[in-house]
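Each chain is listed here by its residues.
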Amino acid sequence: MFNVACTAERTFRFDPRNTALVIVDMQHDFVSDNGACGAGGMDVRPLQAIIPNLRKVLSAMRRQGVQVVHTRYGFKPDLSNLSEMMRQQSRDAGGEYGTPGPMGRILIEGEAGFEIIPQLMPQTGEIVINKASFGAFTNTDLHDRLQKRGITHIIVGGVTTQCCVEGTLREAIDRGYFCLTLNDGCAAFEPELHNGTMRTIQSEGHLFGWIAGCDDLVEACSAGTAGSSAAQSRPSAPAFYAK
């Protein structure tokens with residue numbers, strides 16, 4: 001049982017056997033200096049700043065046998081899953097999806113810019129979800145795969161906070177997962193957007209779960225009692241609940 005100290009003097013309690021870490025869209029086109037966003041003039045430093053934090057969390061979660069999920073936002077090479085609305089939005093933003101970019105066609109499956117950065121590269125046995133939506137559950141099999149593994153709790157980080165992180169969080173809440181958002185494990189290009197999501201999570205009696213820092217999560221894993229048992233078979237019902 002792990003107990004994570006959270007904001008507002010709350011505690012997120014979880015059993016690693018029933019928990020998934022979801023790292024959202026840490027892809028070159030978003031995060032790297034020579035990706036589509038960085039080369040296009042956006043300040044990617046806030047996004048790069050969370051990489052060391054996520055690396056610590058990822059290592060701690062792997063040690064405890066937590067199911068790790070990585071998501072990648074983008075589109076098929078034939079653009080069959082790119083809506084006209086999203087095409088126009090990306091064009092208006094200055095980097096139309098599917099057009100040539102600094103690391104291949106922008107956010108297209110199979111291109112270098114679509115790939116996850118090497119610091120957070122998925123390992124064998126970890127789930128990788130390709131998605132053409134902001135939320136990771138829309139038109140994917142993520143929910144089914146988590147349910148088959150007995151997952152009840154989700155810890156989420158990645159980019160960008162107010163877009164794909166929040167989109168994934170909202171979808172997870174709607175599906176009944178207990179959710180913890182890592183406030184220094186996700187980032188936006190503009191700090192006020194990140195801060196706005198943190199306020200939204202806590203609004204109206206903590207509508208969207210719990211918030212904690214990455215160090216708080218890592219410390220909880222070090223102090224917890226689950227140990228190597230986390231890698232054993234997952235029970236059909238959760239042993240512990242956040243409250």
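Structure's up top.
Residues numbered from 1 in each chain as written. Predicted model: local features only at pLDDT ≥ 70, side-chain atom pairs only at ≥ 80, totals over all residues. Heavy atoms only, no water.

Asker: Help me understand the overall build of the protein chain, please; the structure alone is not making it clear to me.
Answerer: A count of helical and extended segments in the protein chain gives nine helices and 10 strands. Rg of the C-alpha trace for the protein chain: 17 Å, near the compact-globule value of 18 Å for 243 residues, within the 12% margin. Taken over the C-alpha atoms alone, the protein chain extends approximately 50 × 35 × 30 Å along its principal axes. Each of the 243 residues in the protein chain was classed as buried or not, and the buried ones make up 51%. Long-range contacts, defined as pairs at least 24 residues apart, comprise 76% of the intrachain contacts of the protein chain with a sequence gap of at least 6. Carbon and sulfur atoms make up 48% of the accessible area of the protein chain, which totals about 10600 Å². Side chains of the protein chain carry 22 positive and 26 negative charges; the gap between the two charge centres is 7 Å. (Helix = DSSP H or I, 4+ residues; strand = E, 2+ residues; numbered from the N terminus. Rg over C-alpha atoms; globule rule 2.2 N^0.38 Å. Buried < 20%, exposed > 50% of the residue type's maximum accessible area, 1.4 Å probe, protein only. Contact = heavy atoms within 4.5 Å. Areas by Shrake-Rupley, 256 points an atom, 1.4 Å probe, with all protein chains shown as cover. Lys, Arg positive; Asp, Glu negative; His and termini not counted. Charge placed at Lys NZ, Arg CZ, Asp CG, Glu CD.)

Asker: Is there a simple way to think about unusual backbone geometry in this case?
Answerer: Negative phi characterises most residues that are not glycine, and trans characterises most peptide bonds. Look at the link from V159 to T160: it is a cis peptide, with omega at -20 degrees. Structurally, T160 is set in the loop between strand 8 (153-159) and helix 7 (161-174). One non-glycine residue with positive phi stands out, namely L107, at about 55 degrees. Note that L107 resides in the loop between strand 6 (104-105) and strand 7 (127-131).

Asker: I tried to follow the packing of aromatic side chains on my own but got confused; where do I start?
Answerer: In this description, a pair of aromatic rings is defined by centroid distance and the angle of the planes. Counted under the stated rule, the structure contains 10 aromatic pairs. Centre to centre, the rings of F12 and W210 are 5.5 Å apart; their planes meet at 65 degrees, and the pair counts as edge-to-face. Taken as a pair, F12 in strand 2 (residues 11-14) and W210 in strand 10 (residues 210-212) lie far apart in primary sequence, 198 residues in all. Here F12 matches W210 in class, with each residue buried. (Phe/Tyr/Trp six-rings, centres within 6.5 Å; stacked < 30°, edge-to-face > 60°.)

Asker: I would appreciate a short explanation of the environment of D174 in the present structure.
Answerer: With respect to the helices and strands, the residue D174 is situated in helix 7. Judged by relative accessible area, D174 falls into the exposed class, the value being 67%. Along the backbone, D174 and F208 are 34 residues apart, and their C-alpha atoms lie at a distance of 9.4 Å.

Asker: Teacher, can you tell me more about the pattern of salt bridges here?
Answerer: Two side chains bearing opposite charge may form a pair once their charged atoms approach each other closely. Across all of its chains, the model carries 11 salt bridges by this definition. Between D215 and K56 there is a salt bridge, with its nearest N and O atoms 2.6 Å apart. Placement of D215 in helix 9 (residues 214-223) and of K56 in helix 4 (residues 51-63) is noted, with a sequence separation of 159 residues between them. K56 sits in the partly exposed class, given a relative accessible area of 37%. As a salt-bridge pair, E115 and R72 come within 2.9 Å of each other at their nearest N and O atoms. Of the two residues, E115 sits in the loop between strand 6 and strand 7 while R72 sits in strand 4 (residues 67-73), which places them 43 residues apart along the sequence. On the basis of relative accessible area, E115 is assigned to the partly exposed category, the value being 29%. With relative accessibility at 16%, the residue R72 sits in the buried group. Here the residues in one salt-bridge network are E84, R87, R91 and E96, joined through shared partners. (Salt bridge = Lys/Arg side-chain N within 4 Å of Asp/Glu carboxyl O.)

Asker: Please explain the sheet that holds strand 3 (residues 19-24) as it appears in this structure.
Answerer: Backbone hydrogen bonds are what pair the strands of a sheet, in a parallel or an antiparallel way. Spatially, 7-4-3-8-9-10 is the arrangement adopted by the six strands of the open sheet, whose pairing is parallel. In the strand order of this sheet, the two ends are held by strand 7 and strand 10, each with one partner. Here the average twist between neighbouring strands, direction ignored, is 25 degrees. As defined by bridge partners, strand 8 adjoins strand 9 (residues 178-187) across six bridges and the pair is classed as parallel. Of the residues in strand 9, the one forming a bridge with V159 is A187. (Pairing = 2+ DSSP bridges. Axes fitted to C-alpha atoms, helices over the stretch in contact; angles between N-to-C directions.)

Asker: Explanation requested: the pairing of strand 9 in the structure shown.
Answerer: The buried fraction of strand 9 is high, at seven of 10 residues. Note on the crossover from strand 8 through helix 7 to strand 9: the handedness is right-handed. In this sheet, strand 10 lies alongside strand 9 in parallel orientation, the contact comprising three bridges. From the neighbouring strand, T181 faces strand 10, where its bridge partner is I211. Crossover strand 9 to strand 10 through helix 8 (residues 191-206) is right-handed. (Right-handed = clockwise from strand over helix to strand, strands pointing away.)

Asker: Help me out: how do you make sense of helix 4 in this one?
Answerer: Relative to the 18 Å expected for 13 residues at 1.5 Å per residue, helix 4 spans 18 Å between its end C-alpha atoms, a close match to the ideal helical length. Three or more residues of helix 4 are buried, namely I51, N53, L54, V57, L58, A60 and M61. Positive backbone phi, approximately 80 degrees, marks G65, located one or two places after helix 4. (Expected span 1.5 Å × (residues − 1).)

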